[in-house]
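So you can see what is in the structure, the chains are spelled out below.
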Amino acid sequence: MSSPATAPPAPNNLKRIVAASLIGTTIEWYDFFLYGSAAALVFNKLFFPDSDPLVGTLLSFLTYAVGFAARPLGALVFGHYGDRLGRKKLLVLSLLMMGGATFAIGLLPTHATIGTAAPVLLTVLRLVQGFALGGEWGGAVLLVSEHGDARRRGFWASWPQTGAPAGQLLATGVLSLLTAVLSDTAFNSWGWRIPFLLSGVLVMVGLWIRLSVDESPVFKKALAKAETRKAKAEPMPLVSVLRHHWRDVLIAMGARMAENISYYVITAFILVYATTAADVSKQTALNAVLIASAVHFAVIPVWGALSDRIGRRPVYLLGAAGVGLWMFPFFTLIDSGSFGALLLAVTVGLVLHGAMYAPQAAFFSEMFATRVRYSGASIGAQFASVAAGAPAPLIATALLSAYDSSTPISLYVIASAVLTLIAVGVAKETRNRDLADVAASPEDADPDGTAATASRAPGARAL
């Protein structure tokens, strides 16, 4: 049974909340992935023109990785204020920061115009992107998770996750269209700026939708409860997370390793590998990622719904094992040089990735108490990205340069899959937990000193 705080909201209201989270995450990921694709295709020529082509690509991916370094800081700052002030306000701020930085990249002078200042400015804007994205993910998935009911939380919470393939689809689609209609000279001269400048329009649309939704009822209830005991100082969310949820943070970080690394190898590094090692055209590689991203978008809610039926852990474990087993066939198919084989390689890889990514939103949300949930979910997700997604294209490119073979790259992804299998394997199933429950910790005690224990679904434990 659901508690009143987590009773199913009106269908129209929930759909509006899902739409607000989805449009925001789509725009944020569009901005983030656009940079990754541009780093693989043109930034090496525009901002590092004096380097060997592969070295230039490595430097370009290094600025790409810098964005991940800022994500933990974004998780800490946005998580803290999101747990204190609410999810909605911080989501609006993250959207404005990400969109503004992306728009500014579209106006940025290149190395030919201002010399070494160009890559420096590019790096600064990339840091702003990473900081904003570090706060976006946790708030977006929590806004949906905390509005929905436990029975279908995996399905509804998976929709903000589709913002990643939707953003990839949008970014790759725009780049694919421009590379198809423009010559290489025109694209490298000015065409690459168009997708970044389009971000300004997308942000205005996302802002209009995001401002129309209400704050999470679960958070409002927890905030009201905190107000009744405001005479007692509340610990910082970060302190509470590290004190009472440190195991959950480590599990979330481990769970992200295979999911994050495999995704950036499959969608970002492939643009380097396919065009250099497999001698596939830039347009062909972009088209394969474009079609596979559409399939990825479609399967994520399916995996999310399955996690509601059989649990978060079984679906997640299936995805981690599948990605690890797919890596050798993945590169073998790409090496064939056939578009059909390339498309199959990327599509299967992303479908398996979706089995991890879809239940992740509900899984991480269900691990933490309401008053520390934004901080806990964001810290677990974003700190892992520094060790996982950030260096993934960089490490893969370096391995290709050093060994001239895809075998070390496959082993790299397989190792990450083993880490994720271990982390999720030791985790407890969270499917039936009620998000209105709170942890039996000192800061969650009622004014009379007893720990609060809200009603919860059968089989759930207090959060």
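About the thresholds
Residues numbered from 1 in each chain as written. Predicted model: local features only at pLDDT ≥ 70, side-chain atom pairs only at ≥ 80, totals over all residues. Heavy atoms only, no water. Helix = DSSP H or I, 4+ residues; strand = E, 2+ residues; numbered from the N terminus. Buried < 20%, exposed > 50% of the residue type's maximum accessible area, 1.4 Å probe, protein only. Contact = heavy atoms within 4.5 Å. Areas by Shrake-Rupley, 256 points an atom, 1.4 Å probe, with all protein chains shown as cover. pLDDT = per-residue confidence, 0-100. Expected span 1.5 Å × (residues − 1). Bend = angle between axes of the 7 residues up to and from the residue. Salt bridge = Lys/Arg side-chain N within 4 Å of Asp/Glu carboxyl O. Axes fitted to C-alpha atoms, helices over the stretch in contact; angles between N-to-C directions. Parallel < 35°, antiparallel > 145°, perpendicular 65-115°, else oblique. Left-handed = near helix turned anticlockwise from the far one by under 90°. Nonpolar A, V, L, I, M, F, W, Y, C, P; charged D, E, K, R; others polar. Phe/Tyr/Trp six-rings, centres within 6.5 Å; stacked < 30°, edge-to-face > 60°.

## Focus on the overall build of the chain
Move 1: Within the chain, the secondary structure is distributed over 19 helices and zero strands.
Move 2: Put simply, the chain has 463 residues, and 60% of those count as buried.
Move 3: A separation threshold of at least 6 residues defines the contact pool for the chain, and within that pool the share at least 24 residues apart is 87%.
Move 4: Put simply, the chain shows about 16,200 Å² of open surface, and 70% of that area lies on carbon and sulfur atoms.

## Points about the confidence of the model for the chain
In low-pLDDT regions, the fine details of the predicted coordinates are not to be read closely.
Move 1: The share of residues in the chain with pLDDT of 70 or more is 88%, and the mean pLDDT across the chain is 82.
Move 2: Predicted confidence for residues 1–6 stays below pLDDT 50, and this span has 20 contacts to residues more than four positions away or in other chains.
Move 3: Contacts of residues 438–463 to residues separated by more than four positions or lying in other chains number 65 contacts, the stretch itself having pLDDT below 50.

## Let's talk about helix α15 (residues 312–335)
Move 1: The terminal C-alpha atoms of α15 lie 35 Å apart, and with 24 residues this matches the ideal 34 Å at 1.5 Å per residue to within 8%.
Move 2: At Met327, α15 is bent by approximately 45°, the largest bend along its length, and proline Pro329 sits one to four residues beyond.
Move 3: Gly337 sits one or two positions beyond α15 and adopts a positive phi of about 80°.

## As for the pattern of salt bridges
Move 1: The full count for this structure, using the stated rule, is five salt bridges.
Move 2: For Arg312, the salt bridge goes to Asp308, with nearest N and O atoms at 2.9 Å.
Move 3: On the accessibility criterion, Arg312 (0% relative accessible area) is buried.
Move 4: Between Arg312 and Glu366 there is a salt bridge, with the nearest N and O atoms lying 2.7 Å from each other. Taken together, the positions of Arg312 in helix α15 and Glu366 in the loop between α16 (339–365) and α17 (373–387) put the pair 54 residues apart, joining distant regions of the chain. Of the two residues examined, Arg312 and Glu366, each falls in the buried class.

## Let's talk about the packing of helix α13 (residues 246–276) against helix α18 (residues 392–403)
Move 1: Viewed as axis vectors pointing N to C, α13 and α18 meet at an angle of 40°, and their least axial separation amounts to 8 Å. When the axes of α13 and α18 are compared, the pair comes out oblique. The element α13 and its partner α18 pack so that their crossing is right-handed. Seen from α13, the contacting residues are Ile261, Tyr264, Ala268, Phe269, Tyr273 and Thr276; seen from α18, they are Ala392, Pro393, Ala396, Thr397 and Leu400.
Move 2: Partitioned by chemical class, the residues of the contact of α13 with α18 number nine nonpolar, two polar and no charged.

## Notes on the environment of Ala157
Move 1: Inspection of the secondary structure puts Ala157 in helix α7 (residues 153–161).
Move 2: Judged by relative accessible area, which is 0%, Ala157 ranks as buried.
Move 3: Separated by 147 residues in the primary sequence, Ala157 and Gly304 have C-alpha atoms spaced 7.6 Å apart.
Move 4: The contacts of Ala157, once residues within four sequence positions are left out, are Val144, Ser145, Ala361 and Ala362.

## Brief notes about the packing of aromatic side chains
Move 1: What the rule picks out here adds up to 16 aromatic pairs.
Move 2: Each ring, one from Phe43 and one from Trp192, has its centre 5.8 Å from the other, and the planes form 90°; the classification is edge-to-face. One end of the pair, Phe43, is in helix α2 (residues 43–47); the other, Trp192, is in the loop between α9 (184–191) and α10 (193–210), and 149 residues separate them in sequence.
Move 3: Residue classification places Phe43 among the buried positions, given a relative accessible area of 0%.
Move 4: Overall, the relative accessible area of 1% leaves Trp192 in the buried class.
Move 5: Here Tyr263 and Tyr264 contribute two aromatic rings whose centre-to-centre distance is 5.6 Å and whose plane-to-plane angle is 90°, an arrangement assigned as edge-to-face. The same class applies to Tyr263 and to Tyr264, which are both buried.
Move 6: Taken together, Phe43, Phe47, Trp192 and Phe196 form an aromatic cluster joined through their ring pairs.

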